[in-house]
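# Examining the three-dimensional arrangement
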Amino acid sequence: MNYSPVLTAKSRHLFAKLLDYTQGKNLPKGKSLHAHLLKTGVFPSCPFMSNTLVNFYAKCHLFSEAHLAFVQISYKDTVSWNCLINAYSQLSLRCYSLSALELFKQMLQHHTLPNSHTFAGILSSAAMLEDSMIAQQAHSFVLKLVDSYDVFVYSSLLNVYCKLGDLISGQKVFDEMAEKNSVTWATMISGYASQRLTKEAFSVFRMMTAGGGEGVNEFVLTSLLSALVSSEFVDTGKQVHSLAVKTGLLSIVSVGNAVLTMYAKCDSLDDAVQAFELAIAKNSITWSAMITGYAQGGIAPNELTIASVLKACSSLSALEQGKQVHAHVVKNGFSLEVPIGSSLSTMYAKCGSLDDGNLIFTRMPARDVASWNAMISGLSQNGLGIKALELFEEMQLEGARPDYVTFVNILSACSHMGLVDRGWEYFKLMSDKFGEAPRIEHHACMVDILGRAGKLYEATEFIESATIEHGLCLWRILLSACRNHRNYELGAYAGEKLMELGSQESSAYVLLSSIYTALGRLHDVERVRRIMNLRGISKEPGCSWIELKSQVHVFVVGDQLHPQIQDVRSGLWRLSKLMKDEECSSILEELV
DNA sequence: GTAGGGTTAG
């Protein structure tokens, strides 16, 4: 069946909607439009509607859906292939770059002619893989198939040569380009910067700004700043810094980070610290840069700075960097008093290095409540709940006064170990002995304790008698517990409460509708879905990643793409079987 | 009518 290339007014309207959903990553609406297009036969026979659908799933990061839609398209044209190839190459992960190249091979085998859009993606995959063979092959393809000097393709080509360290070829491509834009300039500058060719990087920048400062953006500035790598450039660095202020670009986090790093590399640690303290936006890179700056600078920061850097290490679980700071503490002869001792033990405990944390903790001349809390929570989170409770007793013997955080920690320890009575005991002790009114966190812990232990009606009664605001999260915890214990009636009750209270969490709605499905109440399933749509709540695809040998592996729900996905699945199956005996398989069942 | 390129740390 061939589809007429001319769209009716109605189809044109639907097409505009699909584009709209793609931009807004509106998964539920896009999916229901997909179903409609399938019913009317527009998908998979209408080429550009189908291509847009592939792109829609790719933009929503549902790659298996995108792949499936792509496979189903009746007549795959160049754009169909490009949608999928570029979706993979944009992920900037080695395994997906390989998938992009594999698709390109298949595209050629299907006698589909690639065009400039194809090469933009293929070249960025080649850059990701730092594969010079692929780069050269793609280059000769470009010379044959892309007639004009397409600025996208040539920027990618320039980029791949820069990544390979071949600045001769890079400069040649750069010179040949008829049209240059900010991306081109930034790429050329960063190419020279990465080879520590500071003079060349700056001469490119001067060429760029010769006709006024147009086109200077955050990419250009960060690239330029990265070229300033030693103290001889500190004055130049200050000029670039002031340019960043003048243009207002300093408020962008990447620019702020680059300024900080520049000062640290130019041995101007005071300026780096000032840049850090004045930074409007900070992220993990900011902290990382500051820590490295201290580590390389050899200048001893004061106690409070060390403490705040250690705190950053804790929240980022940055054990290696935390150790670097510890080395500084030792080298510069700081004592283990508060705040340094406290933040050090906290850092080790939060990073899961309990023995080191405990060592610091016991050596401290005096401990503040934060160090007690950190050790207690470290023990509890690493499966040593009994030890956590013992430490709580020890804390009281030493005369330290527990605060509300302490109680959150010991209640969650009780929850992990299934200690219902102890939980109640501590919950009451909190107000009776220490005059601390239980907060929402403590209520949440209690619901969790009761829920895990299967005391679902007691938990319900607890929630309904609680005189505390934000009861929403309590019902949410109960709902999960009901699902785990397969008490669907009570689960439906909790779910209805959540909807009534106007929960915005997609997972609550999904759970509730799955409970109604299990109960066979299909019109209720429909009702929940309707309310969810009405309130504009969409289900974000679950995504997780781990780092192995400096390579990040990403997994999305329904993933078919990871090269070892079969091994991962069979591994999960094995684990699930093992866990069946332990009666906790419900968590894994959803994964497999 | 649908698809594309670049930066900062370690």
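Residues numbered from 1 in each chain as written. Chains lettered and ligands numbered in written order. Predicted model: local features only at pLDDT ≥ 70, side-chain atom pairs only at ≥ 80, totals over all residues. Heavy atoms only, no water.

## Side note on the overall build of chain A
Per the secondary structure count, chain A includes 34 helices and 2 strands. Across the 592 residues in chain A, those meeting the buried criterion constitute 45%. For chain A, the accessible surface area stands at approximately 30500 Å², while carbon and sulfur atoms represent 54% of it. (Helix = DSSP H or I, 4+ residues; strand = E, 2+ residues; numbered from the N terminus. Buried < 20%, exposed > 50% of the residue type's maximum accessible area, 1.4 Å probe, protein only. Areas by Shrake-Rupley, 256 points an atom, 1.4 Å probe, with all protein chains shown as cover.)

## Thoughts on the packing of aromatic side chains
In the structure shown here, the tally under the stated rule is 20 aromatic pairs. Ring centres of F392 and F407 lie 5.8 Å apart, and the angle between their planes is 70 degrees; this geometry places the pair in the edge-to-face category. Pair noted here: F392 is in helix α24 (residues 385-397) and F407 is in helix α25 (residues 404-417), with a separation of 15 residues, a long-range link. In terms of burial, F392 and F407 fall into one category: buried. Centre to centre, the rings of W424 and F427 are 6.3 Å apart; their planes meet at 85 degrees, and the pair counts as edge-to-face. Residue W424 and its partner F427 are located together in helix α26 (residues 420-434), separated by 3 residues, close to a single helical turn. By relative accessible area, F427 is classed as buried at 10%. Through successive ring pairs, a cluster of aromatic residues spans F392, F407, Y426 and F434. Geometry around F174 places K180 over its ring, the cationic atom sitting 4.8 Å from the centre. Positioned above the aromatic ring of F276, the side-chain terminus of K282 is 4.8 Å from the ring centre. (Phe/Tyr/Trp six-rings, centres within 6.5 Å; stacked < 30°, edge-to-face > 60°. Lys NZ or Arg CZ within 6 Å of the ring centre and 35° of its normal.)

## Side note on the packing of helix α28 (residues 456-465) against helix α30 (residues 488-500)
Interaxial distance between α28 and α30 falls to 11 Å at its minimum, and their mutual angle equals 20 degrees. Our classification of the angle between α28 and α30 gives roughly parallel. Crossing geometry of α28 relative to α30 is assigned as left-handed. In contact with L456, Y457, T460 and E464 of α28, α30 contributes L490, Y493 and K497. Considered class by class, the residues forming the contact of α28 with α30 number 4 nonpolar, 1 polar and 2 charged. (Axes fitted to C-alpha atoms, helices over the stretch in contact; angles between N-to-C directions. Parallel < 35°, antiparallel > 145°, perpendicular 65-115°, else oblique. Left-handed = near helix turned anticlockwise from the far one by under 90°. Contact = heavy atoms within 4.5 Å. Nonpolar A, V, L, I, M, F, W, Y, C, P; charged D, E, K, R; others polar.)

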